[in-house]
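# Descriptive analysis of the structure
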Amino acid sequence: MSSPADHSAGDNKGGPKARSAWAVTRSVWYAMFIREAIGRTMTDRMGWFWMVLEPFAMVALMVGIRSFIKGDGLIMNAPFIPWMVTGLMGFYLLRDGMIRGMGAVKANQALFTYRQVQTTDPVIVRIFLDGMLRTFVLMIFICIGVLLGLELYPDNVVKSFFSWFSLWALGLGLGLTLSALATLVEEIEKIVKLVSLPLLIISGVMFPLNHLPHWLLEYAMINPIPHGLEMLRLGFFENYHVVKGTSELYLWAFILGSNALGLMLHIRFSHKLKAQ
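Parameters at a glance
Residues numbered from 1 in each chain as written. Predicted model: local features only at pLDDT ≥ 70, side-chain atom pairs only at ≥ 80, totals over all residues. Heavy atoms only, no water. Core = buried A, V, L, I, M, F, W, Y, C linked by side-chain atoms within 4.5 Å. Buried < 20%, exposed > 50% of the residue type's maximum accessible area, 1.4 Å probe, protein only. Helix = DSSP H or I, 4+ residues; strand = E, 2+ residues; numbered from the N terminus. Contact = heavy atoms within 4.5 Å. Phe/Tyr/Trp six-rings, centres within 6.5 Å; stacked < 30°, edge-to-face > 60°. Lys NZ or Arg CZ within 6 Å of the ring centre and 35° of its normal. pLDDT = per-residue confidence, 0-100.

Membership of the largest hydrophobic core comes to 61 residues, with the highest contact counts inside it found for W83 and L88. The greatest single-element share of this core, amounting to 13 residues, is contributed by helix α4 (residues 80-102). With near-sequence residues (within four places) excluded, W83 lies in contact with I75, A78, G204, V205, M206, F207, P208, R233, F237 and Y240.

With the rule as written, the count across this model stands at eight aromatic pairs. Ring centres 5.9 Å apart and planes at 55° place the aromatic pair F33 and F128 in the tilted group. Note that F33 is positioned in helix α2 (residues 21-41) and F128 in helix α6 (residues 120-147), a separation of 95 residues in sequence. Judged by relative accessible area, F128 falls into the partly exposed class, the value being 40%. Over the face of the ring belonging to W83 we find R233, whose NZ or CZ atom lies 3.7 Å from the ring centre. Residue placement shows R268 over the ring face of F269; its charged tip is 5.0 Å from the ring centre.

With that settled, the discussion passes to the confidence of the model for the protein chain. With 87% of its residues at a pLDDT of 70 or more, the protein chain shows a mean pLDDT of 84. Taken element by element, the predicted model of the protein chain shows its lowest mean pLDDT in helix α1 (residues 4-14) (49) and its highest in helix α11 (residues 248-268) (95).

Another point: the environment of V242. With respect to the secondary-structure elements, V242 resides in the loop between α10 (225-236) and α11. When its relative accessible area of 30% is taken as the criterion, V242 is described as partly exposed. With 13 residues separating them in the primary sequence, V242 and L229 have C-alpha atoms 9.5 Å apart. Apart from residues no more than four positions distant in its own chain, V242 is found in contact with N210, E230 and L234.

So, in structure tokens, the structure goes:
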């Protein structure tokens, strides 16, 4: 006669297998990605237009200013317009990750009723989607630049891609950190949005930092963003003279540190973030 344990083993053998943690996370990310993609690209009919128009308008403005300051003479071994386009696109990639990632937790509060959804999931998915969209816009700029005869094609594709990925990873780290802090302290979000424009100026996006006094340049290079932008420009223009003090090691130390800090904050304050 079979024992109850034998029957139990037989029932378990024929039952559905439990999914792994990675399979559950992958399913959550996929569902959230589709949700974010539809909301980002189809809800606002002007979304794509503004995404392309913003850098176009900024480039046009800076080209007008260049006619007064002779910006071509400020850049070593790189044409001014392609130099500025690469800087703007790299900065917008990072800024979108930082700003949009910061609001991801609040925008997806309803999803945290499902135990499979963690507070880091909407941040990672949103920044990944923004990175894909910005990469597509960069490709549009490169195609237009080639058609217009501008030197906007990367001389070192691998280095350019890695530098682009580095800026995305930096935006992810800042987004993870700020999404936790801004959800816990609302004033942080307002402060970050206020400093985004000054950050564009002091990061060497529109004007080279090489012309700053040495003592001021040392302080400016504490900011990790110029390191990423200079490495991106070096990938596009192989003979470009990067700003003194540019370090890929420093950039990645900041990237790994910010991502680790962001993940620790989400783990430590998980219940508070879900309850906000």
